[in-house]
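Descriptive structure summary
As a plain string of letters, each chain reads:
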Amino acid sequence: MTKEPTRGKRKKAATPTAQKPAPAARSTAAAPKAEAPNRARRLCSLGALMPAVTRPTFRRQSPAAVQVMLDWADIVGPELARVTVPRRLSGGTLTVACAGPVATELPYLAPGLIARINGVCGTGVVSRIKPLQDLALRPAPPPPRPRPVPAPVEIGDMPEGPLRDALSRLGGWIGQRGASRRRGG
């Protein structure tokens, strides 16, 4: 009294096999076409395919580690991001390469950094920060201060318009450059 499943593949009943005709007796018109595999005819969502695609990548590196690496400057701030680089996140320990004396300062900053990282990536992602002094890592120089925009030069013998405005602004920049060369700067 077992009931056959309503879905899925059913086993075909074993039938005695008949003798196959010789290849010369087959007609090319009567030969059935090979069917495409079932997966080619079936639609499925992108979300159903993602685990199979991402599983090999996430075996090598967790999504939280990738997020920490990508968002490091936003998490720790620009000042600390210039002198530190996250190297590895394994077992809750984040290894951070530091330039210069920052490696000795990092343990004091660790509780605040751990709270910020866990706030962004999720609770319990990082439980410890391991500083690593890296002599090859040099702090990036601070960005240059923007120069003040010079006053435009007056051009009297040109009609009003966008060309006159652009040339007067260009004249102001050229005049500023010439004045800085004369001063020795």
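The rules behind each value
Residues numbered from 1 in each chain as written. Predicted model: local features only at pLDDT ≥ 70, side-chain atom pairs only at ≥ 80, totals over all residues. Heavy atoms only, no water. Helix = DSSP H or I, 4+ residues; strand = E, 2+ residues; numbered from the N terminus. Polar contact = N/O pair within 3.5 Å; in protein donor to acceptor, adjacent residues only side chain to side chain. Buried < 20%, exposed > 50% of the residue type's maximum accessible area, 1.4 Å probe, protein only. Arc of directions from axis to C-beta. Pairing = 2+ DSSP bridges. Axes fitted to C-alpha atoms, helices over the stretch in contact; angles between N-to-C directions. Contact = heavy atoms within 4.5 Å. Salt bridge = Lys/Arg side-chain N within 4 Å of Asp/Glu carboxyl O. Core = buried A, V, L, I, M, F, W, Y, C linked by side-chain atoms within 4.5 Å. Expected span 1.5 Å × (residues − 1).

Regarding the side chain of aspartate 134
Here aspartate 134 is to be found in the loop between strand S3 (128-133) and helix H7 (162-183). A polar atom in the side chain of aspartate 134 sits 2.7 Å from the side chain of arginine 87.

Considerations on helix H3 (residues 63-70)
Of all the positions in H3, only Ala64, Ala65 and Val68 are classed as buried. Within H3, the buried residues cover an arc of 100° as seen down the axis, which keeps them to one side.

Comments concerning the sheet that holds strand S2 (residues 93-98)
If you walk across this open sheet you meet the 3 strands as S1-S2-S3, and the pairing is mixed. Two strands lie at the open edges of the sheet, namely strand S1 (84-90) and S3, each paired on one side alone. Within the sheet, the average angular offset between the axes of one strand and its neighbour, ignoring direction, is 25°. Across 6 bridges, the pairing between S1 and S2 is antiparallel. Looking at S2, one finds that valine 85 is bridged to alanine 97. Each of S1 and S2 touches H3; the most contacted strand, S1, lies at about 180° to it. Sitting on the sheet, helix H6 (residues 102-121) touches S1, S2 and S3, and the angle it makes with S3 is about 150°.

Topic: the pattern of salt bridges
All told, the structure shown has 3 salt bridges when counted by the stated rule. Between arginine 87 and aspartate 134 there is a salt bridge, with its nearest N and O atoms 2.7 Å apart. Here arginine 87, found in strand S1, pairs with aspartate 134, found in the loop between S3 and H7; they are 47 residues apart in sequence, far enough to count as distant.

Points about the nonpolar core
One recurring pattern in soluble globular proteins: nonpolar side chains tend to sit buried together. Trp72, Leu94, Val96, Ile117, Val126 and Ile129 are the most contacted members of the largest nonpolar core, which has 26 residues in total. Counting residues per element, the ones that place at least two in this core are H3, helix H4 (72-76), S2 and H6. Counting residues per element, this core draws most heavily on H6, at 8 residues. Beyond its immediate sequence surroundings of up to four residues, valine 126 is in contact with Leu89, Gly92, Leu94, Ile114, Ile117 and Asn118.

Side note on the environment of leucine 137
By the element assignment, leucine 137 lies in the loop between S3 and H7. Placed 38 residues apart in sequence, leucine 137 and alanine 99 show a C-alpha to C-alpha distance of 5.5 Å. Residues in contact with leucine 137, not counting those within four places in the same chain, are Val83, Thr84, Val85, Ala97, Cys98 and Ala99.

Thoughts on H6
Residues that lie three or four places apart on an α-helix share one face, since the helix turns once every 3.6 residues. Its 20 residues give H6 an end-to-end C-alpha distance of only 24 Å, which falls more than 12% under 28 Å, the value for a rise of 1.5 Å per residue. Val102, Ala103, Leu106, Ala110, Leu113, Ile114, Ile117, Asn118 and Cys121 are the residues of H6 that are buried. Looking at the buried positions of H6, the neighbouring elements they touch are H3, H4, helix H5 (78-81), S1, S2 and S3. Where H6 ends, the next residue or the one after it, glycine 122, has phi of about 120°, a positive value.

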